[in-house]
Amino acid sequence: MKTKVSNRKFIPFVYTAAFFLFAVLFTLQSPESPLAKGTTGIDSSVFQYIAYGISRGITPYIHVFDHKGPLIYFIDYIGQSIHFSHGIWLLEILFLSIAMFISYKTILLFSGSSEAFLTTLVCYLMLTNFYEQGNLTEEWALPFIAFGLHAFVRFFIKETVEFGHILLCGLSFGAICLLRINMAGVWISGCLAVFIYLIHQKQLKKTLHILFPFLLGIIIICLPFLIYLAIHNAIPSFLQDYFLFNFEYKNSNLPEKYNALVFFCKDRGLITSFCCLIFLFIRRCKSNRSNKYIAYMTGAAFVLSFCLFCMAGRNYAHYAMVLIPLYTIPVGCVISEIKSCIRSHTQDLAAIFILCVMLVFCILPLTRDCLDNFFVQYLIADESDNHIAGLIAKETLPEDTIAVYGNHCSYYYLSQRLSATTFAYTSIFEEHPDYIADYIDQLEEALPKLIIIEKERGNYSIPEELQTYIDENQYFVYYEDSENIIFER
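What you are looking at is a predicted structure, and each value in this text was computed from that prediction instead of being measured.

The next thing to look at is a negative patch on the surface. Taken together, the side chains of Asp438, Asp441, Glu444, Glu445, Asp471 and Glu472 define an acidic patch exposed on the protein surface. If you list the elements that add at least two residues to the negative patch, you get helix H19 (435-446) and helix H20 (464-472). At 4 residues, H19 tops the list of elements feeding residues into the negative patch. Mapping aspartate 438 onto the fold places it in helix H19.

Here you go:
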């Protein structure tokens, strides 16, 4: 009897170790892992350059343009401080392990440990099609979204206000605001569900007991960043880049939003989880009050989060990464129901059908996709970024600046050179051609040693203003290949 009890106490440690191992193996897909041979993703290269720039004294939003929240840059800065090449990968392992553990603890609130463990593995395997080389705001948001969901589910099950959990829920919300505010679907639906619950239970007096720690958590995490931005006089630029630019960025037309909707609706994990969500509504909503609020809150958060990332009208798979923690609730209910049927020797055709769909339509294909990603990262080497960075480092001094016309911010931090302009990447010129004049003015002032231009499908194509600047300042072709052309002054 004592042996069984001691074994049960040991189970959480085994599961935690399994989550850590899963995170290590899964993030080996990252270009920042020590075994990888692939090229860093475009967004990741921007964050890593800004992080490197912070170590050289530049200030985000002042010396370099980007429209993400400041937390992503400081996460990468910490990663580079741990190890310049692989520190970010180590942080990816930590964040993913924590997210999985929190999701496991959430499912454990209404299910057994084995079901919670299996659900967590299944749902986070769905991360495969959204990962896109990692180091993205959505990836770093996972533990914060997972805890926000945990806090709300715990509130409805325990029906008590716990200061520490509400404080951490507010802190998690603050972290999401510092990453990308349109990932806050869990908190919008969760707070609304809590408010409706308090009205229904005639306990509105508890609102202040909830609001104080929640707001305190937001202040604790946001205040240091606001102080940093204020000290560097970067708050106006931060508001311009993070809020105003993002508002324009999300202002896509209706056909683009529809195309994004269709694109994301084709995802296997989303279809499977949506089936489980319907199962949750049918089976759990009628059982008790707590299950009803959890089901409605999860459904609302699912739909709201989905709508928020579809509003951009862009088919970027990593946008849907924020749904992973939400998948765990409906999938956990289905797996828990199946185990109950096995124990009671009854057949639940709906649950069995969903499990078969999950296995054939989702789990097996995702496992194959995960292996394919490993293949691309390890067996198909792409050393082009390192080659170009080596040429840049060879032809310039550490104090020289360079300009990259394109999206390869990796050239900056791999060569350890700073951008001559605030536009470290130039894809934004497609939507804002009026920025080109400012870009040329900054080039005129900085006179970078090298200008690296990415070719589009092997073709050399740049704005007329930039070609005029290159000709007038007597730049000559230093190097050219099928993907890049380097001008030197």
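Moving on: the packing of aromatic side chains. Within this structure, the stated rule accounts for 45 aromatic pairs. With a centroid separation of 5.3 Å and an interplanar angle of 15°, the aromatic rings of phenylalanine 238 and tyrosine 242 are classed as stacked. Within this pair, phenylalanine 238 and its partner tyrosine 242 are both found in helix H11 (residues 235-249), separated by 4 residues, close to a single helical turn. Grouping residues by exposure puts phenylalanine 238 and tyrosine 242 together as buried.

With 14 residues, helix H2 (residues 42-55) should reach 20 Å at 1.5 Å per residue; the first-to-last C-alpha distance of 21 Å fits that figure. Burial of H2 is extensive: 11 of the 14 residues sit out of reach of the surface. Buried within H2 we find Ser44, Ser45, Val46, Phe47, Gln48, Tyr49, Ile50, Ala51, Tyr52, Gly53 and Ile54. Contact partners of the buried residues in H2: helix H3 (71-82), helix H4 (87-107), helix H7 (137-158), helix H10 (206-231), helix H18 (410-415) and strand S2 (418-419).

As defined by bridge partners, strand S4 (residues 476-480) adjoins strand S5 (residues 484-488) across 4 bridges and the pair is classed as antiparallel. In the strand pairing of S5, tyrosine 479 is matched with isoleucine 486. In this structure, the hairpin formed by S4 and S5 is closed by a connection of 3 residues.

A few words now on the packing of helix H12 (residues 254-265) against helix H14 (residues 289-310). The N-to-C vectors of H12 and H14 enclose an angle of 130°; their axes lie 9 Å apart at closest approach. Classified by the angle their axes make, H12 and H14 are oblique. Here H12 runs over H14; the crossing is right-handed. Counting all contacts with H12, which are made through Lys257, Ala260, Leu261, Phe264 and Cys265, the residues of H14 involved are Phe306, Phe309 and Cys310. Of the residues belonging to the contact of H12 with H14, the class tally is 7 nonpolar, no polar and 1 charged.

Per the counting criterion, the structure on display carries 5 salt bridges. Close ionic contact of glutamate 162 with arginine 154 constitutes a salt bridge, the shortest N to O distance being 2.6 Å. Linking glutamate 480 and lysine 455 is a salt bridge whose minimum nitrogen-to-oxygen distance equals 2.7 Å. Of this pair, glutamate 480 sits in strand S4 while lysine 455 sits in the loop between strand S3 (450-454) and H20; the two residues are 25 residues apart in sequence, bridging distant segments of the chain. Classification of glutamate 480 as partly exposed rests on a relative accessible area of 46%. For lysine 455, a relative accessible area of 15% gives the class buried.

So, about the sheet that holds S4. If you walk across this open sheet you meet the 5 strands as S2-S1-S3-S5-S4, and the pairing is mixed. Each having just a single partner strand, S2 and S4 make up the two edges of the open sheet. Sheet topology note: the strand S1 (residues 401-405)/S3 ladder contains 4 bridges and is parallel. By the bridge assignment, isoleucine 402 is partnered in S3 with leucine 450. Across the sheet, helix H17 (residues 384-395) is in contact with S1, S3, S4 and S5; its angle to S4 comes to roughly 145°. Its contacts with the sheet place H20 against S1, S3 and S5, and it is angled at close to 145° to S3.

Reading the values: the criteria
Residues numbered from 1 in each chain as written. Predicted model: local features only at pLDDT ≥ 70, side-chain atom pairs only at ≥ 80, totals over all residues. Heavy atoms only, no water. Patch = residues over 30% accessible without salt bridge, like charges linked within 9 Å, V, L, I, M, F, W, Y side chains within 5 Å. Areas by Shrake-Rupley, 256 points an atom, 1.4 Å probe, with all protein chains shown as cover. Salt bridge = Lys/Arg side-chain N within 4 Å of Asp/Glu carboxyl O. Lys, Arg positive; Asp, Glu negative; His and termini not counted. Charge placed at Lys NZ, Arg CZ, Asp CG, Glu CD. Helix = DSSP H or I, 4+ residues; strand = E, 2+ residues; numbered from the N terminus. Phe/Tyr/Trp six-rings, centres within 6.5 Å; stacked < 30°, edge-to-face > 60°. Buried < 20%, exposed > 50% of the residue type's maximum accessible area, 1.4 Å probe, protein only. Expected span 1.5 Å × (residues − 1). Contact = heavy atoms within 4.5 Å. Pairing = 2+ DSSP bridges. Axes fitted to C-alpha atoms, helices over the stretch in contact; angles between N-to-C directions. Parallel < 35°, antiparallel > 145°, perpendicular 65-115°, else oblique. Left-handed = near helix turned anticlockwise from the far one by under 90°. Nonpolar A, V, L, I, M, F, W, Y, C, P; charged D, E, K, R; others polar.

Without other data, these values stay purely geometric and don't point to any function.
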